[in-house]
Amino acid sequence: MTRLAVVTVALAACAHPERPAGRVAEGFVTTADGARLHYRRLGSGGPVVVVPGGCFLEPALAALARARTVVFYDPRNRCRSSAVEDGARISVRADVEDLEALRRHVGAERIVPVGFSYLGRVVALYARSHPERVERLVQIGAVSPGVGTAYPPALAEPRAAWPADLLALDDEVKRLREEGRDRSDPAGFCERYDAFVRRLLVYRPAPAARYTPGCDSPREWPINLDRHLAAIFTSLAASPVPPESVASMRSPVLVVHGRHDRQAPYGAGREWAMAWPDARLVTVAEGAHAPFVDDPSVVDDLDRFLAGSWPERAERVRALDPAAR
(Lines give C-alpha, C1' and ligand atoms only; values in the text may rest on other atoms or scores of the structure.)
Protein backbone atom coordinates (compact mmCIF):
# COMPACT_ATOMS: atom_id res chain seq x y z
CA MET A 1 0.00 0.00 0.00
CA THR A 2 1.31 3.46 -0.84
CA ARG A 3 1.77 6.21 1.74
CA LEU A 4 -1.22 8.05 0.28
CA ALA A 5 -3.37 4.96 0.61
CA VAL A 6 -3.24 5.09 4.40
CA VAL A 7 -4.54 8.61 4.78
CA THR A 8 -8.11 7.78 5.72
CA VAL A 9 -7.65 4.77 7.95
CA ALA A 10 -10.06 5.50 10.77
CA LEU A 11 -9.53 8.43 13.03
CA ALA A 12 -12.30 6.71 14.92
CA ALA A 13 -9.44 6.09 17.27
CA CYS A 14 -10.17 9.46 18.89
CA ALA A 15 -11.83 9.46 22.29
CA HIS A 16 -15.27 11.03 22.04
CA PRO A 17 -15.57 14.54 23.47
CA GLU A 18 -18.63 15.77 25.27
CA ARG A 19 -21.61 15.57 22.91
CA PRO A 20 -23.46 18.77 22.03
CA ALA A 21 -26.85 19.24 23.57
CA GLY A 22 -29.84 18.73 21.33
CA ARG A 23 -31.38 16.10 19.13
CA VAL A 24 -29.31 13.28 17.63
CA ALA A 25 -30.75 11.29 14.73
CA GLU A 26 -29.11 8.18 13.33
CA GLY A 27 -29.94 5.95 10.41
CA PHE A 28 -29.16 4.97 6.84
CA VAL A 29 -29.63 6.61 3.46
CA THR A 30 -30.04 4.34 0.44
CA THR A 31 -28.42 5.64 -2.75
CA ALA A 32 -29.70 5.22 -6.30
CA ASP A 33 -27.48 2.16 -6.83
CA GLY A 34 -28.45 0.54 -3.55
CA ALA A 35 -25.56 1.45 -1.25
CA ARG A 36 -26.62 2.15 2.34
CA LEU A 37 -24.82 5.07 3.99
CA HIS A 38 -24.76 5.31 7.76
CA TYR A 39 -25.25 8.84 9.12
CA ARG A 40 -25.60 10.70 12.41
CA ARG A 41 -27.28 14.09 12.53
CA LEU A 42 -26.26 16.24 15.51
CA GLY A 43 -27.48 19.62 16.71
CA SER A 44 -30.01 21.92 15.10
CA GLY A 45 -30.20 25.13 13.12
CA GLY A 46 -28.15 26.38 10.22
CA PRO A 47 -26.01 26.25 8.34
CA VAL A 48 -26.23 22.52 7.69
CA VAL A 49 -22.73 21.05 7.67
CA VAL A 50 -22.25 17.69 5.95
CA VAL A 51 -19.12 15.69 6.75
CA PRO A 52 -18.24 12.53 4.84
CA GLY A 53 -15.99 10.30 6.92
CA GLY A 54 -18.07 10.43 10.08
CA CYS A 55 -16.52 7.38 11.69
CA PHE A 56 -13.12 9.11 11.78
CA LEU A 57 -14.12 12.78 12.02
CA GLU A 58 -17.12 12.92 14.35
CA PRO A 59 -15.03 12.37 17.50
CA ALA A 60 -12.91 15.44 16.75
CA LEU A 61 -15.53 17.70 15.16
CA ALA A 62 -18.73 16.93 17.08
CA ALA A 63 -18.37 20.19 19.02
CA LEU A 64 -19.29 22.08 15.84
CA ALA A 65 -22.88 20.88 16.34
CA ARG A 66 -23.31 23.03 19.44
CA ALA A 67 -24.30 25.95 17.23
CA ARG A 68 -25.66 24.29 14.08
CA THR A 69 -26.72 21.06 12.39
CA VAL A 70 -23.87 18.73 11.51
CA VAL A 71 -24.45 15.51 9.57
CA PHE A 72 -21.63 12.98 9.76
CA TYR A 73 -21.80 9.99 7.45
CA ASP A 74 -19.61 7.06 6.47
CA PRO A 75 -18.71 6.81 2.78
CA ARG A 76 -19.92 3.78 0.91
CA ASN A 77 -18.08 0.60 1.85
CA ARG A 78 -16.53 2.27 4.91
CA CYS A 79 -17.11 1.75 8.64
CA ARG A 80 -20.83 1.37 9.36
CA SER A 81 -22.07 1.85 5.79
CA SER A 82 -22.92 -1.24 3.77
CA ALA A 83 -20.26 -3.26 1.98
CA VAL A 84 -19.86 -2.71 -1.76
CA GLU A 85 -18.37 -5.78 -3.40
CA ASP A 86 -18.24 -4.40 -6.95
CA GLY A 87 -15.08 -2.29 -7.23
CA ALA A 88 -16.58 -0.42 -10.20
CA ARG A 89 -19.03 1.14 -7.75
CA ILE A 90 -16.25 2.57 -5.57
CA SER A 91 -14.94 5.91 -6.84
CA VAL A 92 -14.75 9.59 -5.99
CA ARG A 93 -17.54 10.20 -8.51
CA ALA A 94 -19.76 7.81 -6.56
CA ASP A 95 -18.77 9.65 -3.38
CA VAL A 96 -19.86 12.94 -4.98
CA GLU A 97 -23.25 11.44 -5.83
CA ASP A 98 -23.55 10.08 -2.30
CA LEU A 99 -22.91 13.54 -0.85
CA GLU A 100 -25.78 14.87 -2.94
CA ALA A 101 -27.96 11.98 -1.73
CA LEU A 102 -27.23 13.01 1.86
CA ARG A 103 -28.10 16.63 1.09
CA ARG A 104 -31.43 15.61 -0.35
CA HIS A 105 -32.13 13.30 2.56
CA VAL A 106 -31.64 16.01 5.19
CA GLY A 107 -33.71 18.43 3.11
CA ALA A 108 -31.16 21.25 3.08
CA GLU A 109 -31.28 23.68 0.16
CA ARG A 110 -27.61 24.52 0.68
CA ILE A 111 -24.91 22.84 2.75
CA VAL A 112 -21.34 23.30 3.94
CA PRO A 113 -19.38 20.22 2.84
CA VAL A 114 -16.27 19.40 4.90
CA GLY A 115 -13.71 17.15 3.21
CA PHE A 116 -10.68 15.55 4.87
CA SER A 117 -7.80 13.95 2.93
CA TYR A 118 -9.03 12.47 -0.40
CA LEU A 119 -12.51 13.60 0.60
CA GLY A 120 -11.13 17.13 0.21
CA ARG A 121 -11.05 16.40 -3.52
CA VAL A 122 -14.55 14.88 -3.28
CA VAL A 123 -16.09 18.04 -1.80
CA ALA A 124 -14.30 20.12 -4.45
CA LEU A 125 -15.80 17.95 -7.19
CA TYR A 126 -19.18 18.30 -5.50
CA ALA A 127 -18.87 22.09 -5.44
CA ARG A 128 -17.93 22.09 -9.10
CA SER A 129 -20.96 19.94 -9.99
CA HIS A 130 -23.43 21.59 -7.60
CA PRO A 131 -22.24 25.15 -6.94
CA GLU A 132 -25.79 26.30 -6.17
CA ARG A 133 -25.90 23.84 -3.25
CA VAL A 134 -22.71 25.01 -1.53
CA GLU A 135 -22.98 27.78 1.05
CA ARG A 136 -19.38 27.45 2.23
CA LEU A 137 -16.76 24.74 1.90
CA VAL A 138 -13.97 23.33 4.08
CA GLN A 139 -10.95 21.24 3.07
CA ILE A 140 -8.68 19.68 5.70
CA GLY A 141 -5.43 18.03 4.65
CA ALA A 142 -6.81 17.71 1.14
CA VAL A 143 -4.94 15.78 -1.52
CA SER A 144 -3.73 17.97 -4.36
CA PRO A 145 -6.06 19.33 -7.06
CA GLY A 146 -3.97 17.69 -9.79
CA VAL A 147 -2.46 14.31 -10.54
CA GLY A 148 1.13 13.44 -9.69
CA THR A 149 1.98 16.98 -8.60
CA ALA A 150 5.59 17.36 -7.47
CA TYR A 151 6.06 20.10 -4.88
CA PRO A 152 9.40 21.66 -3.96
CA PRO A 153 11.12 20.12 -0.91
CA ALA A 154 10.12 23.03 1.33
CA LEU A 155 6.44 22.23 0.69
CA ALA A 156 6.58 18.47 1.24
CA GLU A 157 7.56 16.21 4.13
CA PRO A 158 9.91 13.46 2.90
CA ARG A 159 10.13 10.08 4.60
CA ALA A 160 13.70 10.97 5.55
CA ALA A 161 12.25 13.59 7.92
CA TRP A 162 10.05 11.11 9.77
CA PRO A 163 10.89 10.56 13.47
CA ALA A 164 12.58 7.31 14.48
CA ASP A 165 9.51 5.86 16.22
CA LEU A 166 7.37 6.33 13.10
CA LEU A 167 10.02 4.73 10.89
CA ALA A 168 10.14 1.76 13.26
CA LEU A 169 6.35 1.33 13.08
CA ASP A 170 6.48 1.57 9.30
CA ASP A 171 9.15 -1.15 9.17
CA GLU A 172 7.11 -3.34 11.52
CA VAL A 173 3.97 -3.06 9.38
CA LYS A 174 5.94 -3.91 6.24
CA ARG A 175 7.44 -6.97 7.95
CA LEU A 176 4.04 -8.16 9.13
CA ARG A 177 2.67 -7.78 5.61
CA GLU A 178 5.55 -9.82 4.22
CA GLU A 179 4.74 -12.52 6.77
CA GLY A 180 1.13 -12.54 5.59
CA ARG A 181 -0.28 -11.39 8.92
CA ASP A 182 -2.72 -9.05 7.17
CA ARG A 183 -4.40 -12.20 5.79
CA SER A 184 -3.86 -14.74 8.58
CA ASP A 185 -4.79 -12.36 11.44
CA PRO A 186 -6.58 -9.38 9.88
CA ALA A 187 -7.93 -7.99 13.17
CA GLY A 188 -4.59 -8.27 14.97
CA PHE A 189 -2.73 -6.80 12.02
CA CYS A 190 -5.19 -3.91 11.93
CA GLU A 191 -4.24 -2.95 15.49
CA ARG A 192 -0.55 -2.68 14.60
CA TYR A 193 -1.37 -0.93 11.34
CA ASP A 194 -3.64 1.45 13.22
CA ALA A 195 -0.79 2.31 15.61
CA PHE A 196 1.36 3.22 12.62
CA VAL A 197 -1.35 5.28 10.97
CA ARG A 198 -2.23 7.18 14.15
CA ARG A 199 1.42 8.19 14.50
CA LEU A 200 1.64 8.98 10.79
CA LEU A 201 -1.35 11.33 10.85
CA VAL A 202 -0.32 13.29 13.93
CA TYR A 203 2.87 15.34 14.11
CA ARG A 204 3.43 15.12 17.85
CA PRO A 205 3.53 11.74 19.65
CA ALA A 206 1.52 12.75 22.73
CA PRO A 207 -1.80 13.41 20.93
CA ALA A 208 -1.32 10.28 18.81
CA ALA A 209 -0.82 8.20 21.96
CA ARG A 210 -4.25 9.23 23.27
CA TYR A 211 -6.00 7.29 20.52
CA THR A 212 -7.41 3.81 20.95
CA PRO A 213 -7.52 1.26 18.10
CA GLY A 214 -9.94 2.10 15.28
CA CYS A 215 -10.49 -1.41 13.96
CA ASP A 216 -14.02 -2.09 15.20
CA SER A 217 -15.43 -2.43 11.68
CA PRO A 218 -14.06 -5.24 9.49
CA ARG A 219 -14.36 -2.85 6.55
CA GLU A 220 -11.55 -0.83 8.14
CA TRP A 221 -9.24 -3.83 8.36
CA PRO A 222 -6.42 -3.36 5.83
CA ILE A 223 -7.26 -6.62 4.07
CA ASN A 224 -10.56 -4.98 3.03
CA LEU A 225 -9.52 -1.34 3.05
CA ASP A 226 -6.67 -1.93 0.59
CA ARG A 227 -9.12 -2.86 -2.16
CA HIS A 228 -11.32 0.12 -1.40
CA LEU A 229 -8.50 2.66 -1.44
CA ALA A 230 -6.99 1.18 -4.59
CA ALA A 231 -10.27 1.92 -6.37
CA ILE A 232 -10.48 5.38 -4.85
CA PHE A 233 -6.97 6.44 -5.85
CA THR A 234 -7.41 5.06 -9.35
CA SER A 235 -10.49 7.23 -9.71
CA LEU A 236 -8.67 10.24 -8.22
CA ALA A 237 -6.18 10.04 -11.08
CA ALA A 238 -9.09 10.42 -13.49
CA SER A 239 -10.70 13.31 -11.59
CA PRO A 240 -8.37 16.32 -11.33
CA VAL A 241 -9.69 19.77 -10.43
CA PRO A 242 -7.85 22.34 -12.57
CA PRO A 243 -8.05 25.89 -11.14
CA GLU A 244 -9.95 27.16 -14.17
CA SER A 245 -12.69 24.59 -13.51
CA VAL A 246 -13.60 26.28 -10.19
CA ALA A 247 -13.00 29.87 -11.26
CA SER A 248 -16.72 30.66 -11.14
CA MET A 249 -17.17 29.27 -7.61
CA ARG A 250 -18.15 32.20 -5.38
CA SER A 251 -18.73 30.48 -2.05
CA PRO A 252 -16.05 31.07 0.62
CA VAL A 253 -13.61 28.20 1.13
CA LEU A 254 -11.48 27.52 4.21
CA VAL A 255 -8.43 25.33 3.64
CA VAL A 256 -6.69 23.85 6.70
CA HIS A 257 -3.35 22.11 6.27
CA GLY A 258 -0.55 20.89 8.52
CA ARG A 259 2.90 22.22 7.71
CA HIS A 260 4.32 18.71 8.22
CA ASP A 261 1.63 16.70 6.43
CA ARG A 262 3.23 13.37 5.52
CA GLN A 263 0.51 12.27 3.07
CA ALA A 264 -0.95 15.29 1.28
CA PRO A 265 1.98 17.74 1.05
CA TYR A 266 1.59 21.20 2.51
CA GLY A 267 1.98 22.50 -1.04
CA ALA A 268 -1.39 20.94 -1.85
CA GLY A 269 -3.09 23.10 0.75
CA ARG A 270 -1.48 26.23 -0.63
CA GLU A 271 -2.44 25.21 -4.16
CA TRP A 272 -6.08 24.73 -3.19
CA ALA A 273 -6.15 28.10 -1.41
CA MET A 274 -4.89 29.73 -4.61
CA ALA A 275 -7.36 27.87 -6.85
CA TRP A 276 -10.61 29.03 -5.24
CA PRO A 277 -11.66 32.63 -6.00
CA ASP A 278 -12.56 33.34 -2.35
CA ALA A 279 -10.39 31.22 -0.08
CA ARG A 280 -8.14 31.47 2.97
CA LEU A 281 -5.58 29.05 4.38
CA VAL A 282 -5.03 28.12 8.00
CA THR A 283 -1.54 26.67 8.37
CA VAL A 284 -0.93 24.50 11.45
CA ALA A 285 2.79 24.95 11.96
CA GLU A 286 3.20 21.85 14.12
CA GLY A 287 0.56 19.74 12.44
CA ALA A 288 0.57 16.73 10.15
CA HIS A 289 -2.28 15.18 8.15
CA ALA A 290 -4.80 15.51 10.99
CA PRO A 291 -4.07 19.08 12.13
CA PHE A 292 -7.21 19.24 14.28
CA VAL A 293 -5.61 16.62 16.53
CA ASP A 294 -2.24 18.35 16.85
CA ASP A 295 -3.94 21.71 17.36
CA PRO A 296 -7.49 21.52 18.82
CA SER A 297 -7.93 25.27 18.17
CA VAL A 298 -8.54 24.27 14.55
CA VAL A 299 -12.08 23.43 15.69
CA ASP A 300 -12.43 27.05 16.86
CA ASP A 301 -11.25 28.20 13.42
CA LEU A 302 -13.88 26.01 11.79
CA ASP A 303 -16.55 27.27 14.16
CA ARG A 304 -15.75 30.88 13.33
CA PHE A 305 -15.76 30.18 9.59
CA LEU A 306 -19.08 28.35 9.78
CA ALA A 307 -20.50 31.34 11.68
CA GLY A 308 -19.61 33.59 8.75
CA SER A 309 -16.16 35.02 9.53
CA TRP A 310 -12.59 34.20 8.59
CA PRO A 311 -10.37 32.84 11.39
CA GLU A 312 -7.84 35.43 12.56
CA ARG A 313 -4.89 33.33 11.44
CA ALA A 314 -6.31 32.55 8.01
CA GLU A 315 -4.25 33.99 5.15
CA ARG A 316 -5.00 34.71 1.53
CA VAL A 317 -2.44 32.74 -0.46
CA ARG A 318 -0.96 34.53 -3.46
CA ALA A 319 2.10 32.36 -4.10
CA LEU A 320 2.77 28.64 -3.79
CA ASP A 321 6.04 29.31 -1.99
CA PRO A 322 5.33 31.15 1.30
CA ALA A 323 8.80 32.74 1.08
CA ALA A 324 7.66 34.59 -2.04
CA ARG A 325 4.98 36.58 -0.18
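Shown above is the structure to which this text applies.
Sequence positions are assigned chain by chain, starting from 1 and proceeding in written order. At least 70 in pLDDT is required for a residue's local features to be given in this predicted model, at least 80 for side-chain atom pairs to be given and counted, and no such filter applies to totals for whole chains, interfaces and linings, which use all residues. By convention in this description, side-chain values take in all heavy atoms of the structure and omit both hydrogens and water.

*Asks:* Tell me what's going on with the packing of aromatic side chains, and back it up with residues and numbers.
*Replies:* To pair, rings of Phe, Tyr and Trp, with the six-membered ring standing in for Trp, must have centres within 6.5 Å; the planes then decide the type, stacked if under 30 degrees apart, edge-to-face if over 60, and tilted in the middle. Per the counting criterion, the structure on display carries seven aromatic pairs. Their ring planes at 20° and their centres at 5.9 Å tell us that Phe189 and Tyr193 sit as a pair that is stacked. One end of the pair, Phe189, and the other, Tyr193, are both in helix α6 (residues 186-201), four residues apart, so they sit about a helical turn from each other. Think of it in three bands: residues with accessible area under 20% of the maximum for their type are buried, residues over 50% are exposed, and the middle band is partly exposed, with areas taken using a 1.4 Å probe on protein chains only. The class of Phe189 is buried, set by a relative accessible area of 1%. Seen from their ring centres, Trp272 and Trp276 are 5.9 Å apart, and the 15° between their planes marks the pair as stacked. Using a relative accessible area of 0% as the deciding quantity, one classes Trp272 as buried. Secondary structure elements are defined from DSSP: runs of H or I of at least 4 residues count as helices, runs of E of at least 2 residues count as strands, and each element is numbered from the N terminus.

*Asks:* Go over the pairing of strand β5 (residues 112-116), please, and point to the residues and values.
*Replies:* Taken across its five residues, β5 has five buried, putting it largely inside the fold. Burial along β5 is two-sided: Val112, Val114 and Phe116 and Pro113 and Gly115, pointing in opposite directions, are all buried. The pairing criterion for strands is at least two bridges between them, as found by DSSP. Taken together, the two bridges between strand β3 (residues 48-52) and β5 define a ladder with parallel strand orientation. In the strand pairing of β5, Val50 is matched with Pro113. Pairing of β5 with strand β6 (residues 137-140) involves three bridges; the strand directions are parallel. By the bridge assignment, Gly115 is partnered in β6 with Gln139. Handedness of the crossover joining β5 and β6 through helix α3 (residues 118-129) is recorded here as right-handed. Handedness of a crossover is defined as follows: orient the strands so they point away from the viewer, and if the path from the first strand over the helix to the second runs clockwise, the crossover is right-handed.

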